Amino acid sequence: MREEENLKKVFIFIENYEKTGSSLFEAFLKRSTVMEKNISFSIIIPNYNYELYVKEAIESALEQDWPNKEVIVVDDGSIDGSRQVIESFGDRIISVFTENRGQREANNTGFSRSSGDIIIFLDSDDILLPGMLKEIAAVWREGLSKVQVIMQRVDADKSPIGRTIPKYDFSPTPAQIRSWVQTSFEYPSPPASGNAWSRTFLEAFFPLDETYDAFTDSTCIAMAPYMGDIITIAKPLVLYRMHGANDSQMTAKETNYSREVARGLKRLEAAQRACFLKNLPPPDINILFRGSNFLQFRVASLRLTPELHPLPGDSRMRAFVDSIMLPFRSGFQKITDRFLIMAWSVLTLLVPDRLARFLIRKRYSS
């Protein structure tokens, strides 16, 4: 009789637990959905003389299926028809018109006017694909510095060209990204439009002054791994338009490679500031000699404009040694990719000038 009573008590406990557990689980799901919906986005679009593209950038932001968002367009003293395009959106956006001061100041202005929990700096020639904000909100959590996505290269007419940026074989974990940064100061990251930044992260160092790089994404990408976790959504959610007038068009000027080396020094300074803010040991300049992507800029700079090469202690001999060592160092690329970079770097350092120019143009025109 006692066994039957005990068994009955067990069944009653299980029944009550199932009811309670189910209601708790439903409440958790409801709370999670509410939290997700309460996330707010600020999409900041700096624009300078891109009247041909800025309309589509603004439309792609406005058409995002997310209830709590604002679109802020900062025109940086355009002298084309950009103002008329921007004003045509009326009060659907926050529009700001300033004198020409550069991208960094335009983004400073946009951030000062923003209120979102998550900030996207959308280049005015890029396009957000439908569902991007939902995808970001679904993985967002406390402790992130950013969520990054894949960008699909397209031409001026939005037809896909070339590879995606970056090219992921898998979605790296925050710990993997942090490890890569500690060993080579590099990790696979998209440029500006492919990043969604935590407001808390940005507030730690905004507004950016003239000691930071002129391009906002360069600074933020460098500081992010030291100040929070990075989550990767390995799917194309942004169109990265290549139209010939992009500042990122490396082959436009031979001096662009020395400029990129100088930007690497600025990124190192930014990372050191991030470490100071988080009470972490900062990286020193030697870490710049370990990165594979940075190695290629060093090689191009040393061959094309050695008189402008800004990296202290660098030389063609040191770049040659770093090239040979590259496959034996850890990094985010596959070993086969590191061997290809080694081969290109060694050849470019050793061949005559004319052939070196050909190899550099071939490398950076793809």
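Scroll up to find the structure this text is about.
Each value, and the rule that gives it
Within each chain, residue numbers correspond to sequence positions counted from 1 in written order. Per-residue local features are limited, in this predicted model, to residues with pLDDT of at least 70; the limit for side-chain atom pairs, both in listing and counting, is 80 or more; totals at the level of whole chains, interfaces and linings are taken over all residues. Only hydrogens and water are set aside; all other atoms, that is, all heavy atoms of the structure, feed into the side-chain values. Secondary structure elements follow DSSP: runs of H or I of four or more residues count as helices, runs of E of two or more count as strands, with numbering from the N terminus. Each residue is placed in one exposure class: buried if its accessible area under a 1.4 Å probe, protein chains only, is under 20% of its type's maximum, exposed if it is over 50%, and partly exposed if it falls in between. The charge count treats Lys and Arg as positive and Asp and Glu as negative. His and the chain ends do not count. For salt bridges, the criterion is a side-chain nitrogen of Lys or Arg within 4 Å of an Asp or Glu carboxyl oxygen. For this analysis, a polar contact is any N or O atom pair within 3.5 Å, provided that within protein one partner can donate a hydrogen and the other can accept it, and provided that sequence-adjacent residues contribute only side-chain to side-chain pairs. Each aromatic pair joins two rings of Phe, Tyr and Trp (for Trp, the six-membered one) with centres within 6.5 Å, and gets the label stacked for planes under 30 degrees apart, edge-to-face for over 60, and tilted for any other angle. Charge-over-ring contacts are defined here by two conditions on Lys NZ or Arg CZ: a distance within 6 Å of the ring centre and an angle within 35 degrees of the ring normal. Buried residues of nine kinds, namely Ala, Val, Leu, Ile, Met, Phe, Trp, Tyr and Cys, make up a nonpolar core once their side-chain atoms join them within 4.5 Å. Every residue pair with non-hydrogen atoms within 4.5 Å of one another is taken to be in contact.

**Q** For the side chain of Glu-186, give the residues involved together with the corresponding values.
**A** Tracing the backbone shows Glu-186 in the loop between α6 (174-184) and β8 (195-198). No salt bridge is formed by the buried Glu-186, whose closest oppositely charged neighbour, Arg-267, lies at an N-O distance of 6.7 Å. Within the local environment of Glu-186, its side chain forms a polar contact with the backbone nitrogen of Ser-292, the two atoms lying 3.1 Å apart. There is a polar contact of 2.7 Å between the side chain of Glu-186 and the backbone nitrogen of Phe-294.

**Q** Outline the packing of aromatic side chains, listing residues and values.
**A** All chains considered together, the criterion is met by 12 aromatic pairs. Relative to Trp-66, the ring of Phe-41 lies with its centre 5.7 Å away and its plane at 85 degrees, an arrangement referred to as edge-to-face. Of this pair, Phe-41 sits in strand β1 (residues 41-47) while Trp-66 sits in the loop between α2 (54-62) and β2 (69-76), and the two are 25 residues apart along the sequence. Comparing Phe-41 with Trp-66, the two get one shared label, buried. A connected cluster of aromatic rings, assembled from ring pairs, spans Phe-111, Phe-121, Trp-197, Phe-201, Phe-205 and Phe-206. Just above the ring of Tyr-212 sits the side chain of Arg-273; from NZ or CZ to the centre is 4.2 Å. Seen from the ring of Phe-289, Arg-318 lies directly overhead, with NZ or CZ sitting 3.5 Å from the centre.

**Q** Give a description of the nonpolar core that names residues and reports values.
**A** Side chains that are nonpolar tend, in soluble globular proteins, to be buried together. Counting 57 residues, the largest nonpolar core has Phe-201, Leu-202 and Phe-205 as the members making the most contacts within it. At eight residues, helix α9 (residues 256-278) tops the list of elements feeding residues into this core. Contacts of Phe-201, omitting those with residues within four sequence positions, involve Ser-145, Cys-220, Met-223, Ala-224 and Met-227. Counting 37 residues, the second-largest nonpolar core is a separate cluster that includes Ile-58, Val-71, Met-132 and Leu-144.

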